[in-house]
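Observations on the three-dimensional arrangement
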Amino acid sequence: MQSVEQRDEVEMLSLMLLIRRFEERASQQYQAQKIGGFCHLYIGQEAVVAGAIAAVRDDDYVITAYRDHAHALARGTSADACMAELFGKEAGCSRGLGGSMHFFNRQNHMYGGHAIVGAHVPLAVGLAFAIKYRGEDRVTLCFFGDGAINQGSFHEALNLAALFKLPIVFICENNLFAMGTSVKRSTSLKQIVDRAEGYDIPGEIVDGMNFREVRDKIAEIVNSIRKEPHPAFVEIRTYRYRGHSMSDPASYRTKQELEKYRLDDPITRLRAQLTREGKLTNEQFDQIDKHAKETVLASVKFAEKSPQLPLDKLYDYTYANGAKP
Amino acid sequence: MREITYRQALNEALAEELERDPDVFLMGEEVAEYNGAYKVSQGLLERFGPRRIIDTPISENGFAGLGVGAAMVGLRPIIEFMTFSFSLVAFDQVVNNAPNMFTMSGGQFNIPITFRGPNGPAHQLGATHSHATEPLYANSPGLKICTPATPRDAKGLLKTAVRDNNPVLVLEAELLYSSKGMVEPPDEELLIPLGRAEVKREGSDVSIVCYAQTVRLALATAAKLEEEDISAEIVDLRSIKPLDEKAIFDSVAKTHRVVIVEQDRPFCGVGAEVCYRIQENIFDELDAPILRVSQKDVPMPYNERLEKAVLPNADKLIAAVKKVCYA
Ligand SMILES: Cc1ncc(C[n+]2csc(CCOP(=O)(O)OP(=O)(O)O)c2C)c(N)n1
Ligand SMILES: [Mg+2]
């Protein structure tokens, strides 16, 4: 038992490091204009997705918004496929057609990558509906930002999920800001989790900088859902270290606030916990980090040399039969 | 006249209309404290205060509807969509409530509202963020739609839109915000009527009908065509609805050949309507079939090379012009 948990946690720490190093590289490659369009980084929020993924099976469903690189990686999408997508290459997880905001991986049950705020929350409810319809014991994890909770689609989706008692965990990644708008300025509630109460959905607040707390809380909820399908809501408090997107200087918040969260870094925290408990040595950590950096560097090389989708395939992805109308 | 950017021109228009009429207010995501996602509303919060420059949560359907309601009782809202791709979340308000109210109420409630923001494809934003919404909205009677291509048109059309007693969409363009052009000095009132096209360049061999982002493309292409002894006249529609038929017909009567270059998709696109009206009214003036250069009929790919293949460009436009000129 002990050894399984140890392996899992070190593995999850590796995932968090992979995400961080991937995002750092993505940032650099964006500045070098190898990546186009909008690009939103996940740095600082790693414990949220890692904790949630650690609590579910590989065949559970995952769907998120546009800050999605981490979710794809956590769902086992290779760094190569993720970087190639950012580079717009055919080997990308969406064949270079989706870009940063539209990462998909059907095989690994990653249902996107959705760029219209709030629009994927009803989709998540649809995934959960299909689970119940087929009598399966899977669970849907639906990630979204604090900015999404004021969209009509979000409210309609929560009501539907509650009404039909669907197996879904609504995971609000509350990083305190939607672009430059703080939660205080966007939401009439004192705390986001109270949204759930309005739909009779059980809700909890979780510390998103603490991997173990995220994992344990979601594991508990998922166990309950597998026994008897129902929706649940978690408000996970976290922080993004970078601006909203690559073009946002984030001048709406203070250096002190950022520093406060950096000191509470989720990777440093989990590392310290594991080291204290004798489950991880400094050498092992350095090894893991080195491996993450190498994996990501290799993904850049891979993406660079990968071919683009040929021009004559332009019409192949408009209709499922590939025919030009 | 002085040279300013498209962004500044819009900013001046907003400031002047806010100054002139206390019933005008600006509402949208990040318009106040952030000074606008594309900085169009720079400085307006400071100048007009939070009562009139209002940040919203991400709730397009909600605040677009709020605008329509406020307009029912006489306010003159300017609703900013961060981009018109997000206006689709508010489609019901823009298409069902705003333009239908006047008819449904038997003329009791007109809706003097302006919906504005960037529209049309920018650069590698992918399928959800690249919509050219003009054909969707042009299909709704009761809406007016303008598509300024220059700083001067941006200022003059936005000011007119705010004063109009009907719902008007001002479709701006992200890729034009930093472009520059000559505009009348601030102390000179600049109003450009809706439904009035402008010949941006005189020519005699072919009429290139364009609007919004394709005006720049058409002008650049006209210069290249000149080198090959083809004289192109550039007709900037400026308004999609009402559509300035007369300006189009006058130009066609002069050149007898037409290429329409549009930023939307071909199927039921703006060009289809222009084309129909030309053949219906002045068929005999045509010396060649009308050609259209538009997007390809596919959701926008992220990949840059494919995106370029989807969008109109100079090569495609030149090829079309040569074809109608039998050159
Ligand atoms: C319908 C819609 N409106 C506006 C936007 C522009 N936009 C993209 S992200 C964003 C902020 C979202 O913040 P949040 O949900 O908190 O997620 P975070 O960026 O913090 O991860 C906005 C306004 C959009 N993509 N879709
Ligand atoms: Mg947020």
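Just so it is clear, the model here is predicted, and its values are computed rather than measured.

It is worth spelling out the coordination of the magnesium ion (ligand 2) at this point. Distances from the magnesium ion (ligand 2) to its protein donors, D146(A) (OD), N175(A) (OD1) and F177(A) (O), fall within 2.0 to 2.1 Å. Relative accessible area serves as the criterion here: at 5%, N175(A) is assigned to the buried category.

On to the sheet that holds strand β7 (residues 231-237) of chain A, then. Residues and elements named next belong to chain A. Here five strands make up an open sheet; going across it, the order is β1-β2-β3-β7-β6 and the pairing parallel. In this open sheet, the two edge strands, each paired with only one partner strand, are β1 (61-63) and β6 (203-207). Neighbouring strand axes in the sheet, compared pairwise and without regard to direction, differ in orientation by 20° on average. Along the sheet, helix α5 (residues 120-133) makes contact with β1, β2 (140-145) and β3 (168-174), crossing β2 at roughly 175°.

The next point concerns the pattern of salt bridges. Taken as a whole, this structure holds 52 salt bridges over all chains when the rule is applied. We note a salt bridge from E235(A) to R237(A), for which the minimum N-O separation is 2.8 Å. The exposure class assigned to R237(A) is partly exposed, which follows from its relative accessible area of 34%. A salt bridge links E12(B) to K155(B), with the shortest nitrogen-to-oxygen separation between them at 2.8 Å. With E12(B) in helix α1 (residues 6-20) and K155(B) in helix α7 (residues 151-163), this residue pair connects regions lying 143 residues apart in the sequence. Here E12(B) matches K155(B) in class, with each residue buried. A cluster of three or more residues bridged by salt bridges with shared partners is formed by R2(B), E12(B), E16(B), E17(B), R20(B), K155(B), K159(B), R163(B) and E189(B).

Residue and element names in this part refer to chain B. Taken in spatial order, the five strands line up as β9-β11-β10-β13-β14 in an open sheet, and their pairing is mixed. Each edge of the open sheet carries a strand with a single partner, namely β9 (198-201) and β14 (291-293). For this sheet the average axis-to-axis angle between neighbouring strands, irrespective of direction, equals 25°. Where helix α10 (residues 270-282) meets the sheet, its contacts fall on β10 (206-210), β13 (258-261) and β14, and the angle it forms with β13 comes to roughly 160°.

Turning our attention to the domain arrangement of chain B. Residues and elements named next belong to chain B. The domain architecture assigned to chain B consists of domain 1 (2-183) and domain 2 (198-324). One C-alpha centre belongs to domain 1, the other to domain 2, and the line joining them spans 26 Å. Counting residues at the interface gives 32 residues for domain 1 and 27 residues for domain 2. Between domain 1 and domain 2 lies a buried interface of about 2,300 Å² when both sides are counted; carbon and sulfur atoms form 52% of it. Of all residues in domain 1, P121, Q124 and T147 bury the most surface against domain 2, accounting for 25% of the area lost on that side. Counting every contact that joins domain 1 to domain 2 gives two salt bridges. Notably, a salt bridge pairs K200 with D153, separated by 2.7 Å at the nearest N-O pair. Linking domain 1 with domain 2 are 14 residue pairs in polar contact (both at pLDDT 80 or more), by the criterion used here. Taken together, the residues of the side of domain 1 that touches domain 2 break down into 17 nonpolar, 11 polar and four charged.

With that settled, consider the pairing of β6(A). Looking along a regular strand, one sees side chains alternate from face to face of the sheet. All names here are of chain A. Judged from the five bridges that link them, β6 and β7 form a sheet pairing that is parallel. From the neighbouring strand, E204 faces β7, where its bridge partner is V234. What joins β6 to β7 is helix α9 (residues 211-227), and the crossover it makes is right-handed.

Turning next to the site of ligand 1. Inspection of the region around ligand 1 gives 22 residues, with Y66(A), R67(A), A115(A), N175(A) and E60(B) positioned closest. Here an oxygen atom of ligand 1 and a backbone polar atom of F177(A) are 3.0 Å apart. A distance of 2.5 Å separates a nitrogen atom of ligand 1 from a polar atom in the side chain of E60(B). Within the complex, 95% of the 580 Å² of free accessible area of ligand 1 lies under protein. Its residues placed into classes, the shell around ligand 1 shows 12 nonpolar, six polar and four charged.

Counting from both sides, the interface comprises 36 residues of chain A and, opposite them, 29 residues of chain B. When chain A packs against chain B, the two sides together hide about 2,800 Å² of surface, and 61% of this comes from carbon and sulfur. By the criterion of area lost to chain B, the three top residues of chain A are I116(A), R185(A) and L314(A), representing 20% of everything that side buries. The interface formed by chain A and chain B contains two salt bridges.

Definitions and limits used
Residues numbered from 1 in each chain as written. Chains lettered and ligands numbered in written order. Predicted model: local features only at pLDDT ≥ 70, side-chain atom pairs only at ≥ 80, totals over all residues. Heavy atoms only, no water. Donors = N, O, S within 2.8 Å, 3.2 Å for Na, K, Ca; no water. Buried < 20%, exposed > 50% of the residue type's maximum accessible area, 1.4 Å probe, protein only. Pairing = 2+ DSSP bridges. Helix = DSSP H or I, 4+ residues; strand = E, 2+ residues; numbered from the N terminus. Axes fitted to C-alpha atoms, helices over the stretch in contact; angles between N-to-C directions. Contact = heavy atoms within 4.5 Å. Salt bridge = Lys/Arg side-chain N within 4 Å of Asp/Glu carboxyl O. Domains from an automatic or database assignment. Buried area = accessible area lost by both parts, 1.4 Å probe. Polar contact = N/O pair within 3.5 Å; in protein donor to acceptor, adjacent residues only side chain to side chain. Nonpolar A, V, L, I, M, F, W, Y, C, P; charged D, E, K, R; others polar. Right-handed = clockwise from strand over helix to strand, strands pointing away. Near = heavy atom within 4 Å. Areas by Shrake-Rupley, 256 points an atom, 1.4 Å probe, with all protein chains shown as cover.

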